[in-house]
Each structure stands twice: as C-alpha cells, then as structure tokens.
Amino acid sequence: MKKILSLILMFTVTLAVNAQVDDYSADVKKCITSNGTMSYYEDVMEQMYEMLQVQFKEENVPDTVWAQVKEGKSDAMDKLAQMIVSAYRGHFTHQDVKNMNALYASQAGKNMFKKDGLTESDKVALSKFYSSETGRKITGSQDSMNESMSKISETWSSNVYRGAIAFLSEKGYNL
C-alpha cells in the first residue's frame, strides 16, 4: 500500500513540475513574441535564405528545393524559442515573465515599441513598471541577458546555416 501511495505521490509531483515548466515556456514564448524578439529572428532567417540564394546562384537551385529549405524555418524558430526560454529561466521567475506579459499587453507596452508612440501616461506606466522588482531585474540583468542572447544567436544562426548548407549538399548543390 505504501508503495502505491509513493508512486501516486511521485506521479502527481512529476505532473505538477512538468505543467509548471510547460507554463513557464509558454509564457516566455508569448513574451518574446510580444516584445518583437521572434519577429526579429524571423527576419534574420529570411535574410539568411536570401544570402544562401546569392551564394548558390551558380548552382541554379530550383524554387522547389528552396521551398524545402524554408520548410525548416518553423522547427528552427521552435529551437530558438527553447534556447531563449533557457536564458530567461536563468534570470527571471515565472511571475516576472507574467509581469512582462502584462506590460506588453498594456497600451504602454504596445506603444513602447513604436517610434515616438509614448504618451505621458505611457511614460508613467513604464516608469512604474521599471521601478518594480521585475523591472529592476530586467535592467539589472541587461548585460548578462545580452551576453546570453548573443551566444544563443550565434549558436542558433550557425546551426541553421550549416543545416541549410548540408541539406543543399545532400540534394547535390555545392558552394
């Protein structure tokens, strides 16, 4: 009987931990979508595809093969998001991420990404946010997060580029 209760308890704890991890990941993904990070990296991928097409111009790679190369974009973006989740996990609690999402959902949060889009009330709301515990964590961890994001960006883009080159090579197209 004790073994059964122990197994049930262990199973329940495991499910609770996994649910929290999944919720954290989902909230970070929402955050990095709202703050423009994912859009930025989607643009990076598009620029990489354009660069590859220039590099492989003499190979006359058909559009159908380029379409196959681009099919990897979704998976690459998912891997990037997971890497960023890892960086966030080292700096921010789940509540911090929820606070960031609340900011980005607010009018002030939406306006902060627009050039000259901040009203006086937006400035007050942003000032209040950045004086909060979460805001202080963001500003206090900026150098460390920038370093983490730089490493993530370098690793991720290198992997994506090498993957595309390998795929093209398997199809018989070489630099």
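Just so it is clear, the model here is predicted, and its values are computed rather than measured.

A. Spotlight on the side chain of N35. Take N35: it is sitting in the loop between α1 (2-34) and α2 (37-55). Since its relative accessible area comes to 16%, N35 is described here as buried. Among the polar contacts made by the side chain of N35, one reaches the side chain of T37 at a distance of 2.6 Å. Those residues within four positions of N35 in sequence are excluded, and the remaining contacts are Y88, Y104 and F113.

B. Representation of the environment of E42. Looking at the secondary structure, you find E42 in helix α2. Relative accessible area serves as the criterion here: at 35%, E42 is assigned to the partly exposed category. In this structure the C-alpha to C-alpha distance between E42 and M77, which are 35 residues apart in sequence, comes to 7.5 Å. When near neighbours in sequence (up to four residues on either side) are disregarded, E42 contacts K73 and M77.

C. Quick peek at unusual backbone geometry. Unusually for a residue other than glycine, N60 sits at a positive phi of about 50°. Tracing the backbone through its elements, the reader meets N60 in the loop between α2 and α3 (63-70).

Definitions and limits used
Residues numbered from 1 in each chain as written. Predicted model: local features only at pLDDT ≥ 70, side-chain atom pairs only at ≥ 80, totals over all residues. Heavy atoms only, no water. Helix = DSSP H or I, 4+ residues; strand = E, 2+ residues; numbered from the N terminus. Buried < 20%, exposed > 50% of the residue type's maximum accessible area, 1.4 Å probe, protein only. Polar contact = N/O pair within 3.5 Å; in protein donor to acceptor, adjacent residues only side chain to side chain. Contact = heavy atoms within 4.5 Å.

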